[in-house]
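One letter stands for each residue in the lines below.
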Amino acid sequence: MDLPSDAGSSLLWIFLCSALVWGVCRTVYRLVTNPLSSIPGPQFSKCSSIVLTYKWWFGRRAPYVDSLHKKYGPIVRVAPNEVHINDLSATREIHKVGGRYLKSKWYETLVPPGIVNVFTVSDPNYHSALRRLLAGPIADNQVKVFEPLVTSRVRLAISRIGEELERRGAADVFKWWLFFATDVIGELSFGDSFRMLETGKKNQYILDLERVSSLQAVRTTFPSLLRFSRYVPLPMFRSAYESGKRIGLYAHQSVERYKKLLQVEPNYPKTLFTRFYNAGKEGLSDAEIRNGAVGYIVAGSDTTAITLTYLTWAVCRHPEVQEKLVAELQSLPEDFTDKHLRELPYLSNVINETLRLYSSVPSALPRVVPPEGATLAGYYLPPGTTVCTQAYSLHRDPTIFPDPERFNPERWDNPTKEMNYAFMPFGGGSRICLGLHLARMELRLAVAHFYRAYPTARISTKEGMSDEDMKPKMYFLMSPAGHRCLIEA
Ligand code: HEM
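Analysis parameters
- Each chain has its residues counted from 1, following the order in which its sequence is written.
- Note on the predicted model: pLDDT of at least 70 is required for a residue's local features to be given, and 80 or more for side-chain atom pairs to be given and counted; whole-chain, interface and lining totals, by contrast, use all residues.
- Side-chain measures were taken over the full set of non-hydrogen atoms in the model, leaving aside hydrogen atoms and water.
- In this text, helices come from DSSP runs of H or I with a minimum length of four residues, and strands from runs of E with a minimum of two, each type numbered from the N-terminal end.
- To get the radius of gyration, use the C-alpha atoms; to get the globule rule, take the number of residues to the power 0.38 and multiply by 2.2 Å.
- Exposure categories follow from relative accessible area, calculated using a 1.4 Å probe and restricted to protein chains: below 20% of the type maximum is buried, above 50% is exposed, and the middle band is partly exposed.
- When checking whether two residues touch, look at their non-hydrogen atoms; a contact exists if any pair is within 4.5 Å.
- Calculation of accessible area relied on Shrake-Rupley with a 1.4 Å probe; when residues are assessed, cover is drawn exclusively from the protein chains displayed.
- A positive count includes Lys and Arg, and a negative count includes Asp and Glu. His and the chain ends are not counted in either.
- Charge positions come from single atoms, namely NZ of Lys, CZ of Arg, CG of Asp or CD of Glu.
- Two strands pair under a simple rule: DSSP has to find at least two bridges between them.
- Throughout, an axis means a line fitted to C-alpha atoms (over the contacting stretch in the case of helices), and angles, computed between N-to-C directions, take values from 0 to 180 degrees.
- The salt bridge definition used is simple: a Lys or Arg side-chain nitrogen within 4 Å of an Asp or Glu carboxyl oxygen.
- Two aromatic rings, drawn from Phe, Tyr or Trp (for Trp, its six-membered ring), form a pair once their centres lie within 6.5 Å of each other, and the interplanar angle then sorts them: stacked below 30 degrees, edge-to-face above 60, tilted otherwise.

K.L.:
In this structure, what is going on with the overall build of the protein? I would like to understand it.
P.N.:
Across its full length, the protein carries 20 helices and 12 strands. Scaling as 2.2 N^0.38, a compact globule of 489 residues should have a C-alpha radius of gyration of about 23 Å, and the protein matches this with 25 Å. Burial status across the protein gives 54% buried among its 489 residues. Sequence separation of 24 or more characterises 72% of the internal contacts of the protein that already satisfy a separation of 6 or more. Of the roughly 22,300 Å² that the protein leaves accessible, carbon and sulfur atoms contribute 58%. Charge centroids of the protein, computed over 59 positive and 48 negative side chains, lie 4 Å from each other.

K.L.:
Please clarify how unusual backbone geometry should be interpreted in this entry.
P.N.:
A negative phi angle is the norm for most residues apart from glycine, just as the trans form is the norm for most peptide bonds. Even without glycine at this site, Ala377 takes up a positive phi of about 50°. Locating Ala377 in the fold gives a position in the loop between β6 (374-376) and β7 (379-381). Note on Ala377: relative accessible area 26%, which makes it partly exposed. Even without being a glycine, Asp403 presents a positive backbone phi close to 50°. As for its placement among the helices and strands, Asp403 is situated in the loop between α18 (391-394) and α19 (417-422). Take Asp403: its relative accessible area is 47%, and that puts it in the partly exposed class.

K.L.:
I'm lost on the sheet that holds strand β1 (residues 75-79) in this one. Help?
P.N.:
The strands making up a sheet associate through backbone hydrogen bonding, with each pair oriented either parallel or antiparallel. In spatial order, the strands read β1-β2-β8-β5-β3; together these 5 strands make up an open sheet with mixed pairing. Looking along the sheet, the strands with just one partner apiece sit at the ends: β1 and β3 (102-103). Sheet topology places strand β5 (residues 364-368) next to strand β8 (residues 386-390); 5 bridges connect them, and they run antiparallel. Note on β8: the bridge partner recorded for Pro366 is Cys388. Of the strands in this sheet, β1, β2 (82-85), β5 and β8 are in contact with helix α3 (residues 61-72), which crosses β1 at around 135°.

K.L.:
How should I be thinking about the pattern of salt bridges in this particular structure?
P.N.:
Pairing is possible between side chains of opposite charge, provided their charged atoms come close. In the structure shown here, the tally under the stated rule is 25 salt bridges. Here Arg100 makes a salt bridge to Glu372, at a shortest N to O gap of 2.7 Å. You can see Arg100 sitting in the loop between α4 (88-94) and β3 and its partner Glu372 sitting in the loop between β5 and β6, a full 272 residues away along the chain. Since its relative accessible area comes to 49%, Glu372 is described here as partly exposed.

K.L.:
What exactly am I supposed to notice about the packing of aromatic side chains here?
P.N.:
Both the distance between ring centres and the angle between the ring planes are used here to describe each pair of aromatic rings. Considering all chains together, one arrives at 22 aromatic pairs under this definition. On the numbers, 5.7 Å between centres and 65° between planes, the contact of Phe119 with Phe476 is edge-to-face. With Phe119 in the loop between α5 (106-110) and α6 (124-135) and Phe476 in the loop between β10 (472-474) and β11 (478-480), this pair connects stretches of sequence that are 357 residues apart. Here Phe476 falls in the buried class, since its relative accessible area comes to 6%. Both rings, one in Phe194 and one in Tyr250, keep their centres 5.7 Å apart while their planes meet at 80°; by these two values the pair is edge-to-face. Pair noted here: Phe194 is in the loop between α8 (173-190) and α9 (196-199) and Tyr250 is in helix α12 (residues 235-264), with a separation of 56 residues, a long-range link. Exposure remark for Phe194: the relative accessible area of 26% places this residue in the partly exposed category. Pairwise contacts between aromatic rings join Trp56, Trp106, Tyr107, Phe119, Tyr475 and Phe476 into one cluster.

Shown next as structure tokens:
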């Protein structure tokens, strides 16, 4: 029997209204009964992560979350299933060695699709197998083997900076520190590098590395779309896809080059990856080796270069710091080594203060609450909740670091227990940076040689260089907005 059309449209209206009421009631019920609903935070974060995503997209997530901590306290709900914590004991619990808070799957979206390596993997067993193979040669008591190579690359960087100063009247230290860090990690990982310091020109490889940070926003926000990006006609998807593909290709070429070197010369000097190739029974596939290489290329170059760039910039802007640092460095013997540098207290203070205020990994390190749930910072968090800490906030807690925005190396003269706990530029626990001892050695040698060569270095205003260039864009990695830092000497 056909209903009269009036009755039909009334039924449709009743159905639509009921669906709407049901949807609203269900959302309200979920909002009220969600165990995270009592956690402080903006109202909209209960229903959507849109504001967080917006801030992330424009490289402002870390300061935004920090402003929420200032307003709401040490625990803040930032999205329906995500909280941020800025509390020392909770942070130590989340990042302790052997802890149960695994890396969230979000890490897999940070790198090109299909890449799983020691940095991205969440499975704790696979992670510790990879870490066991990599940890030996990069441990603190082992990295000195690599000191001659690092020193020779620092010397080359310093002389190339000198040539550019003469030719151009200013030198772009961001460029040279990136060439330096990328050559070092290339040679240490694969026995050879792209020899950026020698060629002295930005090639596609360097352009890809420079863009790693901003492309992370595209990757993590639209991970599924990126898989189909070769068909999506938007330039940003295409360039994220293509740059990811190229970085994979560089890694592949580097691994193949090293294998060839080994065929010709089986006793070719050991690299950071030697045990990957010799994994024998543990057997790593070519794809696993290539994925490991992608991790080292990205994790080992930008981070060190950005730290060195902000250090140079910050020291040059603080003449009293520069004077004290230069005086300490000038007390070194001509043939100084890293052993001498390890004993210089002010150099160590300056490096720590740079890592605090200009952390090159400033933003969220997302972890997942384990199956038994957890109570952190006084609130119950159900299993599966994403819980983040960020160096940006830990390093700016005024109760731990008074006057936190001030670049003040002296604060490290006598660090408190809380300062040491809150200081996490290299992450923490089982997932702490594998390259931290290498990175610290690179930083010490580069800073010492630079300020001995150019004791009166200052920030240039040539070619429109200004503080605007150094405004940080913060994705997972931070980088200077202008992609340059010009100095004169
Ligand atoms: C100043 C320089 C550096 C900084 C600030 C830095 C910072 C970090 C941070 C914060 C993490 C932890 C990320 C997380 O928990 O999500 C990390 C992990 C890692 N870093 Fe570094 N890093 C630096 C240099 C290096 C270098 C030179 C290498 C090269 C060997 C490297 C290799 C790695 C690896 C492989 C991981 C993953 C470790 C794991 O999950 O077990 N890093 N780094």
